[in-house]
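# Remarks on the overall topology
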Amino acid sequence: MKPVIVVGAGNWGKNLVGNFYHLGALAGVVEVNPELRQGVSATYPDVITYSDYQDALETDVQAVVLATPAAMHYPMAMAALEAGKDVFVEKPMCLQAEEARQLAEYADKHERILMVGHLLLYQPAIAWMRDYLASGKAGEVLHVATQRAKLGKVRTQENVWWSFAPHDISVVLDLLGNPLVKTVQAHGHGMLQPKIEDNVHVDLEFELGKTAHIHCSWYWPLLQRTTVVIASEQMLVYDEVLQTVTVYDKGVDDQLQNRDQGNWCVQVATSEPLKIECEHFLHCLKTRERPRSDGWNGVAVVEILAKAQEAMGG
């Protein structure tokens, strides 16, 4: 039996449906919207569709993939875990840190696979940076700065922080080695709607003095998606738009003098990260290995999301 039912076939869910189908793993799709459900049936006539989530949970299919509104993630993921299913849930994992912890604890206690859709962790360029930093060639990692900005679709129920930042928080944690956060400072500006921030800056301080800065905006003139890593010996810049990683062999020596020994661009694989992410979930279903973006990774991201929102007064 094919192992996966995808719940939600909307703007992002349709991408998950397509990937799991082409990987030969799609057993069914749950979609409450009749037009979207008919579209799935027309495109994938051999795939069972459901209008009721409970009907899908009562099948023998091993896992569910949740591409539903974030407010529904906790009750739907918990219902799936309680039904004995493994779960892939899109970001953000939950809207409350306590709910995220409950899911992670339940999954561990009942030996269920729980994976969160932190897509950038499966981006080949980020994987290369992670491995390169772990090799020690760049020295001690001191600071990570990310920017995710464009003139984008403005939401009315969530701000840019909750919409954009889960990607970058997961990358920051990954590249810094998943340290514990000590302090969170945040400033947001709701330019278009009161109390819904369109432009957000967040500063994070971690154990052992490591720091990070995250900027996200959907009211911005340029398309900018970058990750900058400052280490003691080298600096790395990932341009997500151009899909390039540049290593700068520069810094400051013991005499506080600038040192610059040039830079080079790294050739990284161009594999589709969503396909890699879906393949990783299927691999974990078979082997029972803990996913790279497991439930506790989801908890760490939601905790930072919530602390920054609180710091912004929301």
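A short tour of the structure in this document, coming up. (Residues numbered from 1 in each chain as written. Predicted model: local features only at pLDDT ≥ 70, side-chain atom pairs only at ≥ 80, totals over all residues. Heavy atoms only, no water.)

On to the overall build of the protein, then. For the protein, the count of helices and strands is nine helices and 14 strands. Against the globule reference of 20 Å for 314 residues, the protein gives a C-alpha radius of gyration of 20 Å, in line with a compact fold. C-alpha extents for the protein along the principal axes are approximately 70 × 45 × 40 Å. Pairs at least 24 residues apart make up 64% of the contacts formed inside the protein by residues separated by at least 6 positions. Of the roughly 14800 Å² that the protein leaves accessible, carbon and sulfur atoms contribute 50%. Charge-centre separation for the protein: the mean point of 26 positive side chains lies 3 Å from the mean point of 39 negative side chains. (Helix = DSSP H or I, 4+ residues; strand = E, 2+ residues; numbered from the N terminus. Rg over C-alpha atoms; globule rule 2.2 N^0.38 Å. Contact = heavy atoms within 4.5 Å. Areas by Shrake-Rupley, 256 points an atom, 1.4 Å probe, with all protein chains shown as cover. Lys, Arg positive; Asp, Glu negative; His and termini not counted. Charge placed at Lys NZ, Arg CZ, Asp CG, Glu CD.)

This part is about a nonpolar patch on the surface. A cluster of nonpolar side chains, namely Leu151, Val154, Met191, Leu192 and Tyr219, defines an oily patch on the protein surface of about 440 Å² accessible area. Tracing the backbone shows Leu151 in the loop between strand 7 (141-149) and helix 7 (160-175). Judged by its relative accessible area of 64%, Leu151 is exposed. (Patch = residues over 30% accessible without salt bridge, like charges linked within 9 Å, V, L, I, M, F, W, Y side chains within 5 Å. Salt bridge = Lys/Arg side-chain N within 4 Å of Asp/Glu carboxyl O. Buried < 20%, exposed > 50% of the residue type's maximum accessible area, 1.4 Å probe, protein only.)

Taken as a whole and judged by the stated rule, the model has 14 salt bridges. Residue Arg148 pairs with Glu240 through a salt bridge whose shortest N-O separation is 2.9 Å. One end of the pair, Arg148, is in strand 7; the other, Glu240, is in the loop between strand 12 (235-239) and strand 13 (244-252), with 92 residues separating them in the sequence. Judged by relative accessible area, Arg148 falls into the buried class, the value being 9%.

Turning our attention to the pairing of strand 5 (residues 86-90). Summarising burial for strand 5: five of the five residues are buried, a large majority. Where strand 4 (residues 63-66) and strand 5 come together, four bridges link them in parallel fashion. Within strand 5, the position partnered with Val65 by the bridge is Phe88. A crossover links strand 4 with its parallel partner strand 5, the connecting element being helix 4 (residues 73-82), and its sense is right-handed. Taken together, the four bridges between strand 5 and strand 6 (residues 114-117) define a ladder with parallel strand orientation. Paired with Glu90 across the strands is Gly117, a residue of strand 6. (Pairing = 2+ DSSP bridges. Right-handed = clockwise from strand over helix to strand, strands pointing away.)

Our next topic: the packing of helix 5 (residues 97-109) against helix 9 (residues 295-311). Between helix 5 and helix 9, the least distance of the axes is 9 Å, while the angle of their chain directions is 170 degrees. Classified by the angle their axes make, helix 5 and helix 9 are roughly antiparallel. For the pair helix 5 and helix 9, the contacting residues are Ala97, Ala100, Arg101, Ala104, Glu105 and Asp108 in the first and Gly295, Trp296, Val299, Val302 and Glu303 in the second. Classifying every residue of the contact of helix 5 with helix 9 gives six nonpolar, one polar and four charged. (Axes fitted to C-alpha atoms, helices over the stretch in contact; angles between N-to-C directions. Parallel < 35°, antiparallel > 145°, perpendicular 65-115°, else oblique. Nonpolar A, V, L, I, M, F, W, Y, C, P; charged D, E, K, R; others polar.)

Another aspect to go through is the side chain of Ser293. With respect to the secondary-structure elements, Ser293 resides in the loop between helix 8 (273-287) and helix 9. At a separation of 2.7 Å, a polar atom in the side chain of Ser293 contacts the side chain of Tyr122. In this view, Ser293 contacts Leu114, Met115, Val116, His118, Leu121 and Tyr122; residues no more than four positions away in its chain are not counted. (Polar contact = N/O pair within 3.5 Å; in protein donor to acceptor, adjacent residues only side chain to side chain.)

Here helix 6 (residues 124-135) contains twelve residues, and its C-alpha end-to-end distance of 17 Å stays within 8% of the 16 Å for a straight helix at 1.5 Å per residue. Along helix 6, the residues that are buried comprise Pro124, Ala125, Ile126, Met129, Arg130, Tyr132 and Leu133. In the segment just after helix 6, Gly136 is the residue with positive phi, at about 85 degrees. (Expected span 1.5 Å × (residues − 1).)

Another point: the sheet that holds strand 2 (residues 26-30). Neighbouring strands of a sheet are bound in pairs by backbone hydrogen bonds; such pairs are parallel or else antiparallel. Here we have six strands laid out as an open sheet, ordered 3-2-1-4-5-6, and parallel in their pairing. The two strands at the open ends of the sheet, each matched to only one other strand, are strand 3 (48-50) and strand 6. Strand-to-strand twist of the sheet, defined as the mean angle between neighbouring strand axes without regard to direction, takes the value 20 degrees. In terms of strand pairing, strand 2 meets strand 3 through three bridges, oriented parallel. For Val29, the partnering residue across the bridge sits in strand 3 and is Thr49. Sitting on the sheet, helix 1 (residues 13-22) is in contact with strand 1 (4-7), strand 2, strand 4 and strand 5, with an inclination near 165 degrees to strand 1. Contacts from helix 4 reach strand 1, strand 4 and strand 5, with the element oriented near 165 degrees to strand 5.

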